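Chains, contacts and geometry: an overview
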Amino acid sequence: MTSDSVTRDDTVVVFTEDADWHTRNLSLALEREGLRVLVRSLNDCGFAIGETPHGLLIPGLDGALPAAAFIRIIAKGSTEQITARLGLLHALRECGVKVMNDARAIERCVDKSMTSFLIAKAGLPTPRTFVGERREAMQALIDAAPMDTVLKPLFGAQGKGIKRIAPRAPLPEPAAVGGVYYLQEFVESASPAGHYQDWRVFVIGGRAVAAMIRQSERWITNIHQGATGAPAPLDREACEIAVRATEAVGADYAGVDLIENARGEFMVLEVNSMPAWKGLQRATGIDVASRLARHVAESLAVPAAEAG
Ligand SMILES: Nc1ncnc2c1ncn2[C@@H]1O[C@H](COP(=O)(O)OP(=O)(O)OP(=O)(O)O)[C@@H](O)[C@H]1O
Ligand SMILES: [Mg+2]
């Protein structure tokens, strides 16, 4: 394979599992930018080394490389399946394709322990977090803390499987947490009495484009868990932290969850590298798909100096 033998067109491959509202909106927005869209499941793709010019197998591309790939959803699968699908995304980057988000960023965000580590390493505020496999050792660490602890699935999403552990209450058996405990200090949020809230800030290309406050009577404030979203101001501090958190994990765009503690300080709870935006769009009226498509188009634009 030589780079000369590989052709490239103006196609953006949107990798997803079904043509849902997000995929339809994004596809239309990309087409408005003059780009061709191919919707594919990563399950249908693979490698054809020694066969296709670039060694990749993406049905519908006739051996050419796409200009960009947008990863909306990676389906659940075995360790082997996920490794192979991420491998394809790594390979696309190696071929010079713009991959949004890149496999490295997705890996870092899917694993909440790596996200927390990178956020703290970048000097950003985040709650104290312990991750480990040994129940006794983890129990001893949280028993030393006077406040509640939040136990989260390492690969969790949409608030599913999250539990609050009272001080000195016993941790569940390892089998109940996939063998890994992710334990985080519970943060009392600054919210009206009887309510809990956190912030979702959507970052694209180094800028915060939309923010909402999610409020609930329950402490888990995911929209999927019944919380309501209201537009939030693009608060300077919240936006700066969200942009830096997105950079810390190497993502091009992200949905960043922030919690404002009782002292009014924002802390990063997590960074989503494949965030949904329907709830955010409904709350703020901001057309997120168009912003994403604009960013893809701008990233692909040949600088005037090179074009001449
Ligand atoms: N340390 C914490 N202190 C207080 N509340 C928390 C804490 N961690 C999580 N929460 C609450 O639980 C919700 C879900 O937590 P988190 O965002 O970490 O996980 P999630 O299930 O992955 O959601 P996502 O769909 O964003 O990936 C938060 O939005 C927040 O309301
Ligand atoms: Mg979240």
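Residues numbered from 1 in each chain as written. Chains lettered and ligands numbered in written order. Predicted model: local features only at pLDDT ≥ 70, side-chain atom pairs only at ≥ 80, totals over all residues.

Okay, the nonpolar core next. Ranked by internal contacts, the top residues of the largest apolar core, which has 70 residues, are A69, V201, F202, A242 and L258. The residue makeup of this core includes at least three contributed by each of domain 1 (3-100) and domain 2 (110-124 + 189-275). Ignoring sequence-local partners within four residues, the contact set of F202 consists of A208, V209, A210, G255, P275, W277, L280 and V288. If you look at the next biggest cluster of nonpolar residues, it comprises six residues, including I142, V177, Y181 and L183. (Core = buried A, V, L, I, M, F, W, Y, C linked by C-beta atoms within 7 Å. Buried ≥ 20, exposed ≤ 12 C-beta atoms within 10 Å, placed from the backbone. Domains from an automatic or database assignment. Contact = placed C-beta atoms within 7 Å.)

Across the sheet, which stays open at both edges, the four strands sit in the order β2-β1-β5-β6 with parallel pairing between neighbours. Unpaired on one side and paired on the other, β2 (36-40) and β6 (98-100) mark the two borders of the sheet. If you compare each strand with its neighbour and ignore which way they point, the axes differ by 20° on average. Pairing geometry for strand β5 (residues 68-71) and β6, over three bridges, is parallel. Opposite A69, over in β6, you have V99 as the bridge partner. (Pairing = 2+ DSSP bridges. Helix = DSSP H or I, 4+ residues; strand = E, 2+ residues; numbered from the N terminus. Axes fitted to C-alpha atoms, helices over the stretch in contact; angles between N-to-C directions.)

Adjacent strands of a sheet form backbone hydrogen bonds with each other and so pair up, either parallel or antiparallel. In space, the five strands of this open sheet follow the order β13-β12-β11-β14-β15, with antiparallel pairing throughout. At either margin of the open sheet sits one strand with a lone partner, and together these are β13 (228-231) and β15 (266-272). Geometrically, the sheet is characterised by an average inter-axis angle of 30° between neighbouring strands, direction not taken into account. Taken together, the nine bridges between strand β11 (residues 196-204) and strand β12 (residues 207-216) define a ladder with antiparallel strand orientation. From the neighbouring strand, D198 faces β12, where its bridge partner is R214.

This brings us to the confidence of the model for the protein chain. Across the protein chain, the average pLDDT comes to 93, with 95% of residues at 70 or higher. Contacts from residues 304-308, a stretch scored under 50 in pLDDT, to residues over four places away or in other chains number one contact. (pLDDT = per-residue confidence, 0-100.)

Once that is clear, we can look at the domain arrangement of the protein chain. Each domain of the protein chain was delimited in the assignment, giving domain 1 (3-100), domain 2 (110-124 + 189-275) and domain 3 (129-185). Averaged C-alpha coordinates put domain 1 and domain 2 at centres separated by 28 Å.

What follows deals with the site of ligand 1. Within the structure, ligand 1 sits among 22 residues, and A157, Q158, V187, T221 and E270 are positioned closest to it. Taken together, the elements giving at least two residues each to the shell around ligand 1 come down to β8 (149-152), β10 (181-185), β14 (253-260) and β15. In terms of residue count, the dominant contributor to the shell around ligand 1 is β15 (three residues). Tallied by class, the residues present in the shell around ligand 1 amount to ten nonpolar, seven polar and five charged. Two domains share the shell around ligand 1, each providing at least three of its residues, namely domain 2 (110-124 + 189-275) and domain 3 (129-185). (Near = placed C-beta within 6 Å. Nonpolar A, V, L, I, M, F, W, Y, C, P; charged D, E, K, R; others polar.)

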